[in-house]
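# Reading the structure
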Amino acid sequence: MNTSLIEHYGDELHAAWLKRQPVEPLTSREPGITLDDAYQIQLRMIGHRLKGGETVMGKKIGITSQTVMDMLGVDQPDFGHLLSGMAFNEGEPVDMARLIAPRAEAEVAFMLARDLRGPGVTAADVLRAADCIMPCFEIVDSRIRDWKIKIQDTVADNASCGVLTLGRARRSPRELDLALASMVLEKNGQVISTSCGASVQGSPLNAVAWLANTLGRLGIALNAGEVILSGSQSPMVPVVPGDNLNCRVDGLGRASVRFI
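Structure report, in brief. Predicted model only: the values in this text are computed from it and were never measured.

This part is about the overall build of the protein chain. Counting secondary structure elements, the protein chain contains 7 helices and 12 strands. Against the compact-globule benchmark of 18 Å for 260 residues, the protein chain has a radius of gyration of 17 Å, which places it among compact chains. Each principal axis of the C-alpha atoms in the protein chain carries an extent, and together these give about 50 × 45 × 35 Å. Expressed as a percentage of the 260 residues in the protein chain, the buried residues total 55%. Taking the intrachain contacts of the protein chain between residues at least 6 apart in sequence as the baseline, contacts between residues at least 24 apart amount to 76%.

Structure follows, in structure tokens:
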């Protein structure tokens, strides 16, 4: 895909985010689009937000479950950038007016105390580099109409990043077994799903190591102070104004999010 097309689709997705108006799938208009093209479009899209004053606060990993991989016909996760304008404090309501078709995911976030630069990063390296972990919600949102996405669509759309809420609970990841730690997700008081960390690439630590190694091949590091979302441990849950979600990770604590 040539530079002008990459810029066109990056600009289009940024405009869709600004106006809250979805666009048709890129893959239906550009059947030959590659993952490399999609990541270049992603960088163009978020570049507009950085020029608008936002900053990169971390990275996210998506498509970590086998179910979603099978749905999109891929054999690897993807990644996107977390920006300062996406972050909500726990207890701060999320205004649905700023989103298009939001769906909530419960997961574990890492705060890094040291840089991670691949290739060659292992789960043990992630464990040593992490300052703390916290339960969190990522509210994914697609600028692609009706979530009719293939892997190239969601990658171009910054891995369908919407907003995120980090829980107040903090703990060192060295104090619990993340693969075995159970998670319960509730919506409006009703249990929606139960899972454990092993549902994410065998462990959230493995998912973060994958990200560090993937970015390392592109010359990008995960930096100290960054927040890394390790991938959803729950199904994507559609939300509407008035919904309240809570997740509890055994040995770590709770996070909640409310929508208005």
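There is more to say, and it comes next.
What follows is about the environment of Ile 6. In this fold, Ile 6 is placed in helix α1 (residues 3–19). For Ile 6, a relative accessible area of 13% gives the class buried. As a C-alpha pair, Ile 6 and Ile 33 span 27 residues in sequence and 9.9 Å in three-dimensional space. The contact partners of Ile 6, leaving out residues within four places of it in the chain, are Met 1, Asp 37, Gln 40, Ile 41 and Arg 44.

It is worth spelling out the pairing of strand β6 (residues 163–166) at this point. Judged by which residues are buried, β6 turns out to be covered on both faces: Val 163 and Thr 165 on one side and Leu 164 and Leu 166 on the other are all buried. Inspection of the sheet shows strand β3 (residues 87–89) paired to β6 by 3 bridges, in the parallel sense. Following the sheet pairing, Asn 89 is matched in β6 by Leu 166. Taken together, the 4 bridges between strand β5 (residues 130–140) and β6 define a ladder with antiparallel strand orientation. Residue pairing for β6: Phe 137 is matched across the bridge by Thr 165.

What follows is about the pairing of strand β9 (residues 227–232). With respect to burial, β9 is a largely interior element, 6 of its 6 residues being buried. Inspection of the sheet shows strand β1 (residues 56–62) paired to β9 by 3 bridges, in the parallel sense. The partner of Lys 60 across the bridge, within β9, is Leu 229. Here strand β4 (residues 103–112) runs beside β9; their pairing, made up of 4 bridges, is antiparallel. What sits directly across from Glu 107, in β9, is Ser 232.

Residue Pro 119 follows Gly 118 across a cis peptide bond; omega there is 5°. Secondary-structure assignment places Pro 119 in the loop between β4 and α5 (123–129). We note that Arg 20 has phi near 60°; this positive angle belongs to a residue other than glycine. Examined against the element boundaries, Arg 20 turns out to sit in the loop between α1 and α2 (26–29). Positive phi, normally seen in glycine, also occurs at Gln 201, with a value near 55°. Residue position: Gln 201 is located in the loop between β8 (190–196) and α7 (204–216).

How each quantity is defined
- Residues numbered from 1 in each chain as written.
- Predicted model: local features only at pLDDT ≥ 70, side-chain atom pairs only at ≥ 80, totals over all residues.
- Heavy atoms only, no water.
- Helix = DSSP H or I, 4+ residues; strand = E, 2+ residues; numbered from the N terminus.
- Rg over C-alpha atoms; globule rule 2.2 N^0.38 Å.
- Buried < 20%, exposed > 50% of the residue type's maximum accessible area, 1.4 Å probe, protein only.
- Contact = heavy atoms within 4.5 Å.
- Pairing = 2+ DSSP bridges.

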